[in-house]
Amino acid sequence: MTPALVDTHCHLQLERFDADREAVLSNALEALAWVVVVGDDLESSRAAIEMCGERVYATVGVHPHHAAHVTDETIETLATLAQRPDVVAVGEIGLDYHYDFSPRPDQRAAFERQLGLAARLERPVVIHCREADEDLAAVVEPMLGGLHGGIMHCFGGDAAFAERCLGWGFHISFAGNVTFPKAETLRDAARVVPMDRLLVETDSPYLAPQPVRGKRCEPVHVAHTAAFLADLKNVSLDEFAQRTSENAGHVFSVNI
Ligand SMILES: [Zn+2]
Ligand SMILES: [Zn+2]
């Protein structure tokens, strides 16, 4: 039997899936080993937990877009939510200097506090980083001693930054944008990531890979990105699926 892939990062709880969420999820579970539904604020973290069930896991966290609203109470609520079974990580958290929806000092503060939370809870972190590599490294590096693994999700940096993140012991996850014709920088980054640190994701409903680019992305579309990356890494799709799914199980402590 062909080993099944894991979609390590999707947002199936979002409104974009209100009309057909159950069908999208059952298609996903038919094709994939398991999926991780990622929170990006308190409400979506709660909704992610509600979706948990057989082979469906959740993460809880506040995205940098919403960092300006993070208070002590937010952190304590996340701590409580993270106790629930099937919550496998704190995230997505990080810095987004492309959109700057929250002031940068607020983004850095919220990120640092949630890294601290993950360290306290002994959970891995799912990190979003957009055009903020240096500042992100400046927050992460002093805290590395306390962290329990991390994923650079929807990796958007170059090969040098990928190597820096690998040096932190982190995993690197690629989304559909690695398949886009102009994404040569991302492909160079994927080339330097060893097979035991590589993950694949959809970030659904965003970033549908070639050849479904422009459509609403769904977890099953992870197969396109996986096939593309397997080719890039010169391994069979079977080996790619087996290795990346093992990696996902390792980083999220999921044993199925
Ligand atoms: Zn993200
Ligand atoms: Zn995301």
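In every chain, residue numbers begin from 1 and rise along the written sequence. Labels follow written order: the first chain is A, the first ligand is 1, and so on. Where totals are concerned, whole chains, interfaces and linings use all residues; where local detail is concerned, this predicted model gives features only for residues with pLDDT of at least 70, and gives and counts side-chain atom pairs only at 80 or more.

Caption draft 1: Region of interest: helix H8 (residues 222-232). Among the residues of H8, Val222, His224, Thr225, Ala226, Phe228 and Leu229 are the ones counted as buried. In this fold, the buried residues of H8 make contact with strand S1 (6-10), strand S7 (171-174), helix H7 (184-192), strand S8 (198-200) and helix H9 (237-252). Numbering of helices and strands runs from the N terminus, with a helix taken as a DSSP run of H or I at least four residues long and a strand as a DSSP run of E at least two residues long. Once H8 ends, the next one or two residues include asparagine 234, with phi positive near 60°. With C-beta atoms placed from the backbone, the exposure class of a residue follows from how many other C-beta atoms lie within 10 Å of its own: 20 or more, buried; 12 or fewer, exposed; in between, partly exposed. Contacts here follow a simple rule: the backbone-placed C-beta atoms of the two residues must lie within 7 Å.

Caption draft 2: Representation of the sheet that holds strand S6 (residues 150-152). A sheet is described by the order of its strands in space; here 8 strands give the open sequence S1-S2-S3-S4-S5-S6-S7-S8, paired in parallel fashion. Edge positions in the sheet fall to S1 and S8, since each has one partner strand and no second. Neighbouring strand axes in the sheet, compared pairwise and without regard to direction, differ in orientation by 25° on average. Paired strands, as defined in this entry, are two strands with at least two bridges between them according to DSSP. Where strand S4 (residues 87-96) meets strand S5 (residues 125-130), 6 bridges bridge the pair, whose relative direction is parallel. Note that in S5 the partner of isoleucine 93 across the bridge is isoleucine 127. Sitting on the sheet, helix H2 (residues 42-51) touches strand S2 (34-38), strand S3 (56-60) and S4, and the angle it makes with S3 is about 165°. Interaxial angle, 0 to 180 degrees, is taken between N-to-C directions of lines fitted to C-alpha atoms, where a helix line uses only the stretch in contact.

Caption draft 3: View of the pairing of S2. Burial within S2 is extensive, with 5 of its 5 residues counted as buried. Where S1 meets S2, 3 bridges bridge the pair, whose relative direction is parallel. By the bridge assignment, valine 6 is partnered in S2 with tryptophan 34. With strands facing away from the observer, any crossover in which the path from the first strand over the helix to the second runs clockwise is taken as right-handed. The β-α-β motif built from S1, the intervening helix H1 (residues 21-31) and the parallel element S2 has right-handed crossover chirality. Judged from the 4 bridges that link them, S2 and S3 form a sheet pairing that is parallel. Residue pairing in the sheet places valine 38 in a bridge with threonine 59 of S3. Between the parallel elements S2 and S3, the chain passes through H2 in a crossover that is right-handed.

Caption draft 4: Here's a closer look at the environment of threonine 80. Here threonine 80 lies in helix H3 (residues 72-82). Considered as a pair, threonine 80 and phenylalanine 240 are 160 residues apart in the sequence and their alpha carbons are 36 Å apart.

Caption draft 5: Looking closely at the environment of threonine 74. Looking at the secondary structure, you find threonine 74 in helix H3. Distance from threonine 74 to glutamine 114, taken between C-alpha atoms, is 9.9 Å for residues 40 residues apart in sequence.

Caption draft 6: A look at the packing of H8 against H9. Two numbers describe how H8 lies on H9: the axes approach to 9 Å, and their chain directions differ by 105°. As the angle between them shows, H8 and H9 are arranged roughly perpendicular. For the pair H8 and H9, the contacting residues are Ala226, Ala227, Leu229 and Ala230 in the first and Leu237, Phe240 and Ala241 in the second. Put simply, Ala, Val, Leu, Ile, Met, Phe, Trp, Tyr, Cys and Pro go in the nonpolar bin, Asp, Glu, Lys and Arg in the charged bin, and everything else, Gly too, in the polar bin. Here the residues of the contact of H8 with H9 are counted per class, giving 7 nonpolar, no polar and no charged. In what follows, roughly perpendicular refers to angles from 65 to 115 degrees, roughly parallel to angles under 35, roughly antiparallel to angles over 145, and oblique to any angle outside these ranges.

Caption draft 7: Structural context of the environment of phenylalanine 101. Mapping phenylalanine 101 onto the fold places it in the loop between S4 and helix H4 (104-121). Judged by local crowding, phenylalanine 101 falls into the partly exposed class, with 14 C-beta atoms found within 10 Å. Residues phenylalanine 101 and glycine 146, 45 residues apart in the sequence, show an inter-C-alpha distance of 29 Å.

Caption draft 8: Region of the structure containing unusual backbone geometry. The linkage connecting glycine 91 with the following residue, glutamate 92, adopts the cis geometry, with an omega of 5°. Relative to the assigned elements, glutamate 92 resides in strand S4. Going from glutamine 210 to proline 211, the amide bond is cis rather than trans, its omega being 0°. For glutamate 122, which is not a glycine, the phi torsion comes out positive at approximately 60°. Take glutamate 122: it is sitting in the loop between H4 and S5. Within the chain, leucine 207 stands out as a residue other than glycine whose phi angle is a positive 55°. Assignment of secondary structure puts leucine 207 in the loop between S8 and H8.

Limitation: the analysis is restricted to geometry and does not speak to function.
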